[in-house]
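# Fold and geometry: a report
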Amino acid sequence: MEKSNIDEKIKLLTGSGMWHTQETEDLPSVHLSDGPHGLRKQEEKERQNNVSLVSTCYPTASALACSWDVTAAERLGSAVAKEAWNADVAVLLGPGINMKRSPLCGRNFEYFSEDPFLAGRLGAAYVSAAQGEDVAVSLKHFAANNQETNRQTSNSQIDERALREIYLSAFEYVVKTARPATIMASYNRLNGYYACENRHLLTEILREEWGFDGVVISDWGACADLAKAVKAGMDLEMPDSHGIHARKLKAALKAGEISEADIAQAAGRIEKLVKKYAPDNRAKKDTSDAHEIAKQLACESAVLLKNDGILPISQDADVVVIGALAEQMRFQGGGSSHINTASFPNALDALRKLGVTVTYAPGYSLKDEENRELEEQALALAAGQKTVLFFGGLTDQYEGEGYDRESLAMPANQLHLLNRICEVSPNVAVVSFSGAPYDMAFENRVRGILQMYLGGEAVGEACGELLTGRVNPSGKLAESWPYAVEDTPCHGFFATGSDDIEYRESIYVGYRYYDSFGIPVRFPFGFGLSYTTFAYDNLELSSETYEGGKLQVSLDVTNTGSAAGAADMTVLGAIGEFAMSATRATGWCSAAVTAVFGWLTAAGASRMKAAKTLELYADTAEGFDWHKGLSLSMLADLTHKKKTKALKMLRKFIHKGWLSAWLDEKNDKLYLTAEDYRTAQENQPEPEPEKAPEQAGEVPLNLETTRRFAQVLEKEQELMEDERAVEELQHMQKTTESIGA
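Here the structure is a predicted model, which is why all the values come from computation and not from measurement. (Residues numbered from 1 in each chain as written. Predicted model: local features only at pLDDT ≥ 70, side-chain atom pairs only at ≥ 80, totals over all residues. Heavy atoms only, no water.)

## So, the environment of Trp19
Position of Trp19 relative to the elements: it lies in the loop between α1 (6–12) and β1 (32–34). According to the relative accessible area criterion, Trp19 is buried, its value standing at 4%. (Helix = DSSP H or I, 4+ residues; strand = E, 2+ residues; numbered from the N terminus. Buried < 20%, exposed > 50% of the residue type's maximum accessible area, 1.4 Å probe, protein only.)

So this is what it looks like as structure tokens:
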């Protein structure tokens, strides 16, 4: 490439067709193919999304994450990469490690978790294993691509702390530890700049801070201006823009808007990628165990959400199975990750093969249409004392790439039928399928719930193994399941229809929000039952005081039941004196809950004992604070929802000296930082208080009353410095009692 002319270098910066890099005099063309839970290799002439090479479909990331097992992620990455190798694919487009900001995101099934620690560890395991098979991966979607609505024009507006701690943290870990060969820049804008043209993101953070030296690829069609993108740090535009962007790049070079050195640098990175991963008389890898791996992963990923003893069923049981999803199983999501698979047994076939007597009725239409004839047939079978296994959940039309859900509701025809079944049968267990949480309004009316997520092509066989107790469901949720969409932290600021998406919840994503503000959920992050029981004792810390670095946490886990099972242990570092003292010295205070996890298996009826040491990492990010502030409208929203616990928590932080607060009257923001910025507002005039409401004891829930509360917080800080402020504080508190102050 050093000897090639500038035209060849420019040519290399854009794709050839849909799936290939350009061929030059010195370099071959290589194939890029969709993943991440199976190979979706398409020929260039093919335009039908679901027509691709027959490949193995493994459990989606949303399912696999519930295993909480890096070895499971390694097996997945290795298995998919082997098939890619055999198909002469050089770059596998995956995994996706974006955060699950809202359960309504249509593409959540492709992502691991709402927690960056968990997503980062699983993502790194996948990347290392896949590239260990000599196939490059493309870590995606970088960055803050958290909704499908207007995904090509949306602008994710995120404060620096949340961006670093939540939305970039998993990417940072994978880049630094697993060194992915490529990263895919997302469609959306981040704080005003398209990801492909965001120099702060692609160069200053990704390359200069994290040391990434690979290729940055655009998501398909995400590059709008090749010159701006290359100058920002992107290297390869995909797919082919039919020469349009290449011509514009030449014009930009001629106009001095980009240098030849910028172009040569990007071309050099692509050359390095192609030389390392281009197919060259490859010997085929053994993939004969692919389907068995898919079944094992599906079994390890299932989560038992409820069980009063109805499960497992005996292998010689006589059961009624109701639900079209038992026959036409939903095991993957729609869109670019859709895998063309061979035919495999469904749940009905699998149960019967294991010796279970099954009477079946579909009960409902997958088109979410009421069908009274199907309902009546199902009710006739369900009536009585037999165990009823109801297979239900979200269908293909409810979630998928390219659109977001509008509610957490399950298909109405399914819920209607299930409610009627529960009226005629006391013995109902639900086998659930979905790529994300939905409203399990039926929870209290059934005796058992087994959540399979989207378990891949072997999910039918996995259902048979799990329902009959041949395998113990040992998964734990990698995301919170809220009661209602109104309870989610970004409610009102997710997929609003506007391109500007305000991440007002800041760091409070998933369980960080629910735990911090006392919001009840149907099933919490990390929840999962088992057919056996465990005892936990001898918890020990390597030190009673924490001064940074690693803290060793060890405990003994004993399987006290009669079935083999796995115990996934989660260590949570919660808010408190211990956590705050660890961060105070760095110049900022974290109000986040840090998740740390590890695994061990305690198996066997003889109560075998096992123990393992876990590492508690206190990840700090020196110098970060809330420079963008916490908007007073968010505090007003909290008071309107009567989230008084949140307000009291802020007051506690002020009292303890963990945070300092100052009020920006001009911009209606309350800043909570580790430094005192109050001097910036010394000359701000006191706003005129609003007229008191007519009804005694009420205070209007608006910015003014919230501002008064913010001032109370500020005054509480002053108490620690000047006791003479007591009288003024007491006066101000009287005006704010009714909003939880």
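## Regarding the packing of aromatic side chains
Using the criterion set out here, one finds 15 aromatic pairs in the structure. Ring geometry for Tyr511 versus Phe525: centroids 4.4 Å apart, planes at 25°, classification stacked. Of this pair, Tyr511 sits in helix α16 (residues 511–517) while Phe525 is found in the loop between β17 (521–523) and β18 (534–541), placing the two residues 14 residues apart along the sequence. An identical accessibility class is assigned to Tyr511 and Phe525; each is buried. (Phe/Tyr/Trp six-rings, centres within 6.5 Å; stacked < 30°, edge-to-face > 60°.)

## Considerations on the sheet that holds strand β8 (residues 215–218)
With respect to topology, five strands assemble into an open sheet ordered β1-β2-β3-β5-β8, the strand pairing being parallel. One side of each edge strand has no neighbouring strand; the edge strands of this open sheet are β1 and β8. Along the sheet, successive strands turn relative to each other by an average axial angle of 30°, direction set aside. The sheet contact formed by strand β2 (residues 91–93) and strand β3 (residues 136–142) spans two bridges and is parallel. Directly across from Val91, in β3, lies its bridge partner Ala136. Each of β3 and β5 (182–185) is contacted by helix α6 (residues 169–178), which is oriented at about 160° to β3, the strand it contacts most. The sheet contacts of helix α10 (residues 260–277) involve β2, β3, β5 and β8, and relative to β8 the element is tilted by about 100°. (Pairing = 2+ DSSP bridges. Axes fitted to C-alpha atoms, helices over the stretch in contact; angles between N-to-C directions. Contact = heavy atoms within 4.5 Å.)

## What about the side chain of Asp219?
When you line up the elements, Asp219 lands in the loop between β8 and α8 (226–232). Despite its burial, Asp219 pairs with no opposite charge, the nearest such side chain being Arg107 at 4.7 Å. Beyond its immediate sequence surroundings of up to four residues, Asp219 is in contact with His141, Met184, Ala185, Ser186, Tyr187 and Met238. (Lys, Arg positive; Asp, Glu negative; His and termini not counted. Salt bridge = Lys/Arg side-chain N within 4 Å of Asp/Glu carboxyl O.)

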